[in-house]
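Geometric and topological summary
Given next are the chains, with one letter for each unit.
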Amino acid sequence: MKIFILIGIAIVFYLLRANVMAAPILKIGDDAPTFTLPDSQGNQVNLTDYKGKWLVLYFYPKDDTPGCTTEACYFRDDFKLLESLGAKVVGVSIDDSFSHKKFAEKYNLPFPLLSDSSGEVASRYGALNNFLVIKLAKRYTYLINPQGKIAKIYLSIDTSKHSQEIIEDLKTLKQQI
């Protein structure tokens, strides 16, 4: 019995290691990877739609779960301030458009939620947990400048403070331009 447990643990560590190694390493100043994904209304949204604007591109694991709801609602509550700073907000997860529509309506989210059902875009941003049969987006955020370059990367996120952190960083980054 112990041998099966050890084999299982070894497999899990191998999969986690392979998942981490497969993720690209994006850096500040890199071009943001392009994407075209459907929103909750079925419209195709492209990175180029945000050219000339700051973009808060946030990846999250699952619609209507506690941490994801907290994060989305703080972005909702700070949406007008973020827009006044010239930023748009876009959420991305592996969930389908129907799930996004229910989530957005339930919490009156004023920004698009994009469906990355294949996990391809999350993978290009290094924001995909791929456990063979289960895929989830990692809770990562990329602040993309008006020229389409990555200006800030957030890999460790406190959902209740994240929106305010981005607001402060936007104020600082806009002064540097």
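Computed from a prediction, not measured in an experiment: that's the story for all the values here. (Residues numbered from 1 in each chain as written. Predicted model: local features only at pLDDT ≥ 70, side-chain atom pairs only at ≥ 80, totals over all residues. Heavy atoms only, no water.)

A few points about the packing of aromatic side chains
Note the threshold: Paired rings are identified among Phe, Tyr and Trp, the last through its six-membered ring, by centres lying within 6.5 Å, and are further divided according to the angle between planes into stacked (under 30 degrees), edge-to-face (over 60) and tilted (the rest). Here a strand is any run of E in DSSP of at least two residues, a helix any run of H or I of at least four, and the numbering for each starts at the N terminus. Throughout, exposure labels follow a simple rule: accessible area from a 1.4 Å probe, protein chains only, divided by the maximum for the residue type, with under 20% read as buried, over 50% as exposed, and the rest as partly exposed.
Following the criterion strictly, the structure yields 10 aromatic pairs and no others. Where Phe59 meets Tyr142, the ring centres are 6.2 Å apart and the plane angle is 90°; that geometry is what we call edge-to-face. Within this pair, whereas Phe59 is found in strand β3 (residues 54-59), its partner Tyr142 is found in strand β8 (residues 141-144), the two being separated by 83 residues in sequence. Classification of Phe59 by relative accessible area gives buried; the value is 0%. Classification of Tyr142 as buried rests on a relative accessible area of 3%.

Regarding the sheet that holds strand β9 (residues 150-154)
Spelled out, the test is: When DSSP locates at least two bridges between a pair of strands, those strands are taken to pair. To obtain each axis, a line is fitted to C-alpha atoms, and for helices this fit is confined to the stretch in contact; angles are then taken between N-to-C directions over 0 to 180 degrees. Here, residues are in contact when the closest pair of their heavy atoms is within 4.5 Å.
Across the sheet, which stays open at both edges, the 5 strands sit in the order β5-β4-β3-β8-β9 with mixed pairing between neighbours. On the outer flanks of this sheet lie β5 (113-115) and β9, each paired with one strand and no other. With strand direction ignored, the average angle separating the axes of adjacent strands in the sheet is 20°. As defined by bridge partners, β8 adjoins β9 across 4 bridges and the pair is classed as antiparallel. Among the inter-strand pairings, Tyr142 is bridged to a residue of β9, identified as Ile153. Relative to β3, helix α2 (residues 66-77) is tilted by about 165°, and along the sheet it contacts β3, β4 (87-93) and β8. Packed onto the sheet, helix α4 (residues 97-106) meets β4 and β5 and runs at close to 165° relative to β5.

Remarks on the environment of Ser118
Residue placement: Ser118 occurs in the loop between β5 and α5 (120-124). Accessibility expressed as a relative area gives 42% for Ser118, which makes it partly exposed. In this structure, the C-alpha to C-alpha distance between Ser118 and Lys135, residues 17 residues apart in sequence, is 8.5 Å.

Brief notes about the nonpolar core
For clarity, the threshold we go by: What we call a nonpolar core is a set of buried Ala, Val, Leu, Ile, Met, Phe, Trp, Tyr and Cys residues that are connected through their side-chain atoms within 4.5 Å.
In this structure, Tyr58, Phe75, Val89, Leu109, Phe111, Leu113 and Leu170 are the most contacted members of the largest nonpolar core, which totals 27 residues. Elements supplying a minimum of two residues to this core: β3, α2, α3 (79-84), β4, α4, β9 and α6 (162-176). Once residues within four sequence positions are removed from consideration, Phe75 is found in contact with Val56, Tyr58, Leu82, Val89, Phe111, His162, Ser163 and Ile166. Of all hydrophobic cores here, the second largest spans 24 residues; its members include Leu26, Leu57, Ala122 and Tyr140.

Quick notes on unusual backbone geometry
Notably, Asp64 is not glycine yet its phi reads approximately 60°, a positive angle. With respect to the helices and strands, the residue Asp64 is situated in the loop between β3 and α2. In this model, Asn108 sits at a positive phi of 50°, which is unusual for a non-glycine residue. Within the secondary structure layout, Asn108 lies in the loop between α4 and β5.

Brief notes about the pattern of salt bridges
Where we set the bar: Salt bridges are defined by distance alone: a side-chain nitrogen of Lys or Arg within 4 Å of a carboxyl oxygen of Asp or Glu.
In the structure shown here, the tally under the stated rule is 11 salt bridges. Glu120 is the salt-bridge partner of Arg124, the closest N and O atoms lying 3.9 Å from each other. Of this pair, Arg124 and Glu120 both sit in helix α5, 4 residues apart, which is roughly one turn of the helix. Residue class for Arg124 comes out partly exposed when judged on its relative accessible area of 32%. On the accessibility criterion, Glu120 (49% relative accessible area) is partly exposed.

Here we look at α4
We count it as follows: For this quantity, the arc is that covered by the directions from the helix axis to the C-beta atoms. Nitrogen and oxygen atoms within 3.5 Å of one another constitute a polar contact, given that in protein one can donate a hydrogen and the other can accept it, and given that sequence-neighbouring residues count only through two side-chain atoms.
Of the residues making up α4, those classed as buried are Ser97, His100, Phe103 and Ala104. Along the axis of α4, the buried positions cluster into a sector of 120°, meaning they face one direction only. Those residues of α4 that are exposed and aimed more than 90 degrees away from the buried face are Phe98, Glu105 and Lys106. If you check the start of α4, you find a side-chain oxygen 3.2 Å away from the backbone N of Phe98, and it comes from Asp96. Asn108 sits one or two residues past α4 and shows a positive phi near 50°.

Read these as geometric descriptors, not functional statements.
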